[in-house]
Amino acid sequence: MIHDPFSLVICLDGKMKATGQLYTDDGTTFEHQNGQYLVRQFKMANGKLTSKSGDIDGVFKTTAWIERLMIIGLRKEPKEVKLHYKGRTQQLSHGYQADQHMLIVRKPDVNIADDFTITIS
């Protein structure tokens, strides 16, 4: 389970914003006491989802990646969704469920430990 992919659910407020954190470690040892953990800070605002380190003291190497994003509360279907990651920009596959105001982004394929930005327009 430690290297299983993540699905992130982002619930927007009335101002189309959201924040959240993710914590992970190896799940079996007490190495988190020695800094072997990861905290990610997520922020959604102005059509951008950003992920950055939430704790510079925690360092945890993992192969776990983000498999899917579900953004709930998006009022209209976007024309495009782009990933900005490691100096590259690419279009992402996505679908919109109008009855649920939900955007589903499939396989952004980013390591959970890495910084990235996703723009929705």
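Here the structure is shown first, and the text comes after it.
Each chain has its residues counted from 1, running along the sequence as written. With pLDDT at 70 or above as the cut-off, local features in this predicted model cover only qualifying residues; side-chain atom pairs require 80 or more to be listed or tallied, and sums for whole chains, interfaces and linings still use all residues. The side-chain quantities take in all heavy atoms of the structure and omit both hydrogens and water.

**Topic: the pairing of strand β3 (residues 37-45)**
Stage number 1. β3 sits mainly inside the fold: 7 of its 9 residues count as buried.
Stage number 2. Here, any two strands with at least 2 DSSP bridges between them count as paired. Working definition: helices are DSSP H or I runs of at least four residues, strands are E runs of at least two. Numbering for both runs from the N terminus. Both strand β2 (residues 18-25) and β3 contribute to a ladder of 8 bridges, which runs antiparallel. When the bridges of β3 are listed, Gln21 appears paired with Gln41.
Stage number 3. As defined by bridge partners, β3 adjoins strand β4 (residues 48-53) across 6 bridges and the pair is classed as antiparallel. Residue Gln41 lies in a different strand from β4, and its bridge partner there is Lys52.
Stage number 4. Linking β3 to β4, which pair antiparallel, is a turn of 2 residues; within it Asn46 sits at a positive phi near 55 degrees. Burial here depends on accessible area, computed with a 1.4 Å probe over protein chains only, as a share of the maximum for the residue type. Under 20% is buried, over 50% is exposed, and the range in between is partly exposed.

**Points about the sheet that holds strand β8 (residues 94-97)**
Stage number 1. Judged by pairing direction, the sheet is mixed, and its 4 strands sit side by side in the order β1-β5-β9-β8 without closing on themselves. Bordering the open sheet on either side are β1 (6-11) and β8, each of which pairs with just one other strand. Neighbour-to-neighbour, the strand axes of the sheet open up by a mean angle of 15 degrees, direction not taken into account.
Stage number 2. In this sheet, strand β9 (residues 102-106) lies alongside strand β5 (residues 66-72) in antiparallel orientation, the contact comprising 5 bridges. Across the sheet, Arg68 pairs through a bridge with Arg106, a residue of β9. Only the contacting stretch of a helix is used when fitting its axis, a line to C-alpha atoms as for every element, and angles between N-to-C directions run 0 to 180 degrees.

**Comments concerning the side chain of Asp25**
Stage number 1. Residue placement: Asp25 occurs in strand β2.
Stage number 2. Polar contacts, as used here, are pairs of N or O atoms within 3.5 Å; protein pairs need one atom able to donate a hydrogen and one able to accept it. Residues neighboring in sequence count only if both atoms are side-chain atoms. Within polar-contact distance, the side chain of Asp25 engages the side chain of Tyr23 at 2.8 Å.
Stage number 3. Within the structure, Asp25 has its side chain in polar contact with the backbone nitrogen of Gly27 (distance 2.8 Å).

**Some words on the nonpolar core**
Note on soluble globular proteins: their nonpolar side chains tend to be buried together.
Stage number 1. If you look at the biggest cluster of nonpolar residues, it comprises 27 residues, and the most contacted ones within it are Ile10, Leu69, Leu103, Phe116, Ile118 and Ile120.
Stage number 2. For this core, the secondary-structure elements that each account for two or more residues are β1, β2, β3, β5, β6 (81-85), β9 and β10 (116-120).
Stage number 3. Once residues within four sequence positions are removed from consideration, Ile118 is found in contact with Gly47, Lys48, Leu49, Leu69, Val81, Lys82, Leu83, Leu92 and Pro108. We call a set of buried Ala, Val, Leu, Ile, Met, Phe, Trp, Tyr and Cys residues a nonpolar core when their side-chain atoms join them within 4.5 Å. Two residues form a contact once any of their heavy atoms are found within 4.5 Å.

**Some remarks on the sheet that holds β6**
Stage number 1. The strand order across the open sheet built from 6 strands is β2-β3-β4-β10-β6-β7, with neighbouring strands paired in antiparallel fashion. Whereas interior strands pair on both sides, the edge strands pair on one side only; in this sheet they are β2 and β7 (88-91). Across the sheet, the mean angle separating the axes of adjacent strands is 15 degrees when strand polarity is ignored.
Stage number 2. Bridging between β6 and β10 involves 4 bridges; their strand directions are antiparallel. Bridge assignment links Leu83 to a residue of β10, and that residue is Ile118.

**Details of unusual backbone geometry**
Stage number 1. Unlike most non-glycine residues, Lys107 shows phi in positive territory, near 50 degrees.
Stage number 2. In this structure, Asp109 takes a positive phi of about 55 degrees despite not being glycine.
Stage number 3. Structurally, the position occupied by Asp109 is in the loop between β9 and β10.

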